[in-house]
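The primary structure of each chain is shown beneath.
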Amino acid sequence: MATNHIHQIKQHGQSIWMDNLNREIIQSGELQNLVENQGISGITSNPTIFEQAIANNPIYDPDIQAGIRAGLPTYQIYENLVFADIRNACDILRPVYQASRRLDGYVSIEIPPTIAHETQASIAEARRYSQEIGRENLLVKIPGTPAGLPAVEQAISEGININITLLFSVDSYIKTAEAYMAGLEKRAAQNQDLSQIASVASFFLSRIDTNIDAKIEAKMKRGLDDITQEAKLQAIRGKIAIANAKIAYQEYKKIIHSQRWQTLAAKGANQQKLLWASTSTKNPLYSDVMYVEELIGPDTINTLPPATIAACADHCQVANRLETGVEEAHQLIESLKDPDINIDLNIVMDELLKEGIDKFVKPYQSLMNSLENKIRLLSPV
């Protein structure tokens, strides 16, 4: 019998969630099988995933037609489709949620990415999504923008589970953790229960290497001073994202050992786990499981698209590597300041956050356009 590497990873204290959701895998029983037999213990979704799910799939047509008959606007039809899928996925994962005592078994849905820079709108949508979907094991996604973090704090204080997404820099992760703790502290001050609240901090990976590798390529095309400079640039290629994540995990450990966190934990608060996102390898020269194998470690989550799940199940080399090479990780990040490399990581992170929001806004708008076209086709003449 073949080894199930996903189950092996879980033995190291890391949960594997799937970055995919559509009605077909729910109705066919595929999602149930992944949860019950393949070790998948959570789901993440985003506008790109739902665009791919809804745009060309007739499985949604009866519900779209029902929305047309009810005279609903496009966004309401969209939400009815997506909320139903999220509820059903939550129900399939509920046994995991219960067995893990609320530490696992969550399904994430993102608020509209068009409001990523609006605090009050983000709070209002997080409340509405939580209430209308009505599942305890729901995580509402809010981007970790300057406007998003106050929304996270307020939502947590109101008892809404939050997945803070689009985190790239270690500093942004620390601010995210502080927003989570501040929300819990507000809740504790009101004598509200902390034990029911969950949060994850979604730290993005492959996009960092894609950005930095492109900068390396540009430097090489412009011409290098000598072979030493080329060697330095080649030494960082495809390595910064994992180094950055390993440093973030060390910050996570500092946070959970801090007096501030220990005070909250004593009141029943649950740790905000780091979640590794954007884990499909974009460069075909790299291993297709590099963002899985190098970041296996306790109290973390790795969310994988289906192709990466299949690749990992086939050939992941499973070991706890999250805390290996930490000193080397610091050296790699520091090396970016070398005049021969001269890549400003803060600029990279700012570019990635802006680009990340755009990558969610465009498919969201595209989905709305596709849905409008489908509504026209399905509407009675």
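Values in this document were obtained by computation on a predicted structure and should not be read as measured data.

## Regarding helix α15 (residues 306-315)
Line of reasoning, step 1. Restricting attention to buried positions, one finds in α15 the residues T308, I309, A311 and C312. Viewed along the axis of α15, the buried residues span an arc of 165°, placing them on a single side of the element. What points out from α15, more than 90 degrees from its buried face, is the exposed set A307 and D314.
Line of reasoning, step 2. If you follow the buried residues of α15, they end up packed against α1 (5-11), β1 (14-19), β2 (40-44), α14 (290-293) and β8 (300-304).

## Some words on the packing of helix α5 (residues 61-69) against helix α17 (residues 345-378)
Line of reasoning, step 1. Look at α5 against α17: their axes get within 10 Å of each other, and the N-to-C directions meet at 75°. If you check the angle between α5 and α17, you find them roughly perpendicular. Contact residues: D61, I64, Q65 and I68 in α5; L371, K374, I375 and L378 in α17.
Line of reasoning, step 2. Counted by class, the contact of α5 with α17 contains five nonpolar, one polar and two charged residues.

## Side note on the state of the cysteines
Line of reasoning, step 1. Considering all chains together, one arrives at one disulfide under this definition.
Line of reasoning, step 2. Each disulfide pairs two cysteine sulfurs, and for C312 the partner residue is C316, the sulfurs being separated by 2.3 Å. Around the S-S axis, the bridge from C312 to C316 shows a dihedral of about -115° and counts as left-handed. As far as burial versus exposure is concerned, C312 and C316 are alike and both buried.

## Description of the UniProt feature "active site" (unreviewed entry) in the chain
Line of reasoning, step 1. When the UniProt feature table is mapped to this numbering, "active site" (unreviewed entry) covers K141.
Line of reasoning, step 2. Relative to the assigned elements, K141 resides in strand β4 (residues 138-143).
Line of reasoning, step 3. Those residues in contact with K141 that lie beyond four places of it in its chain are T44, S45, N46, S108, I109, E110, I111, N163 and T165.

## Comments concerning α5
Line of reasoning, step 1. Taken residue by residue, α5 has D61, I64, G67 and I68 as its buried positions. Take α5 and look down its axis: the buried residues cluster within an arc of 120°, on one side only.
Line of reasoning, step 2. Buried residues along α5 sit against α6 (74-99) and α17.
Line of reasoning, step 3. Of the residues trailing α5, G71 is marked for its positive phi of about 75°.

## Description of unusual backbone geometry
The bulk of non-glycine residues show a negative phi, and the bulk of peptide bonds are trans.
Line of reasoning, step 1. For L166, which is not glycine, the phi torsion reads 60° and is therefore positive.
Line of reasoning, step 2. Of note, L166 is situated in strand β5 (residues 162-167).
Line of reasoning, step 3. Exposure remark for L166: the relative accessible area of 2% places this residue in the buried category.
Line of reasoning, step 4. The phi torsion at N191 lies on the positive side, around 60°, for a residue other than glycine.
Line of reasoning, step 5. You can call N191 exposed: its relative accessible area is 74%.

## Remarks on the pattern of salt bridges
Line of reasoning, step 1. Here the structure, examined in full by the defined rule, presents 22 salt bridges.
Line of reasoning, step 2. With a shortest N-O distance of 3.4 Å, K359 and E355 are connected by a salt bridge. Residue K359 and its partner E355 are located together in helix α17, separated by four residues, close to a single helical turn.
Line of reasoning, step 3. Relative accessible area serves as the criterion here: at 39%, K359 is assigned to the partly exposed category.
Line of reasoning, step 4. Within the structure, one salt-bridge network assembled from shared partners comprises E79, E125, R128 and E132.

## So, the nonpolar core
Line of reasoning, step 1. The biggest cluster of nonpolar side chains holds 128 residues, and the ones touching the most others in it are L31, I54 and I86.
Line of reasoning, step 2. Residue contributions to this core peak at 13 residues, all from α17.
Line of reasoning, step 3. Apart from the residues within four sequence positions on either side, I86 is in contact with L21, S45, F50, V107, S108, I109, I133 and L138.

## Remarks on the packing of aromatic side chains
Line of reasoning, step 1. As enumerated under the stated definition, the model contains seven aromatic pairs in all.
Line of reasoning, step 2. Ring geometry for F83 against Y129: centres 5.0 Å apart, planes inclined by 70°, an arrangement best described as edge-to-face. Taken together, the positions of F83 in helix α6 and Y129 in helix α7 (residues 119-133) put the pair 46 residues apart, joining distant regions of the chain. Residues F83 and Y129 agree in their burial class; the two are buried.
Line of reasoning, step 3. Geometry around F360 places R207 over its ring, the cationic atom sitting 5.9 Å from the centre.

## Re the side chain of D104
Line of reasoning, step 1. Examined against the element boundaries, D104 turns out to sit in the loop between α6 and β3 (107-110).
Line of reasoning, step 2. K10 is the oppositely charged side chain nearest to the buried, salt-bridge-free D104, at an N-O distance of 4.1 Å.
Line of reasoning, step 3. Within the structure, D104 has its side chain in polar contact with the side chain of S15 (distance 2.7 Å).
Line of reasoning, step 4. In contact with D104, not counting residues within four places along its chain, are K10, S15, W17, S41, V96 and Y97.

## Comments concerning the environment of E251
Line of reasoning, step 1. In this structure, E251 sits in helix α12 (residues 240-256).
Line of reasoning, step 2. Sequence-wise, E251 and V318 are 67 residues apart; in three dimensions their C-alpha atoms are separated by 24 Å.
Line of reasoning, step 3. Discounting chain neighbours no more than four positions away, the residues touching E251 are V170, Y173 and I174.

About the cut-offs
Residues numbered from 1 in each chain as written. Predicted model: local features only at pLDDT ≥ 70, side-chain atom pairs only at ≥ 80, totals over all residues. Heavy atoms only, no water. Buried < 20%, exposed > 50% of the residue type's maximum accessible area, 1.4 Å probe, protein only. Helix = DSSP H or I, 4+ residues; strand = E, 2+ residues; numbered from the N terminus. Arc of directions from axis to C-beta. Contact = heavy atoms within 4.5 Å. Axes fitted to C-alpha atoms, helices over the stretch in contact; angles between N-to-C directions. Parallel < 35°, antiparallel > 145°, perpendicular 65-115°, else oblique. Nonpolar A, V, L, I, M, F, W, Y, C, P; charged D, E, K, R; others polar. Disulfide = S-S within 2.5 Å. UniProt positions renumbered as here; feature names shortened; annotations may be inferred. Salt bridge = Lys/Arg side-chain N within 4 Å of Asp/Glu carboxyl O. Core = buried A, V, L, I, M, F, W, Y, C linked by side-chain atoms within 4.5 Å. Phe/Tyr/Trp six-rings, centres within 6.5 Å; stacked < 30°, edge-to-face > 60°. Lys NZ or Arg CZ within 6 Å of the ring centre and 35° of its normal. Lys, Arg positive; Asp, Glu negative; His and termini not counted. Polar contact = N/O pair within 3.5 Å; in protein donor to acceptor, adjacent residues only side chain to side chain.

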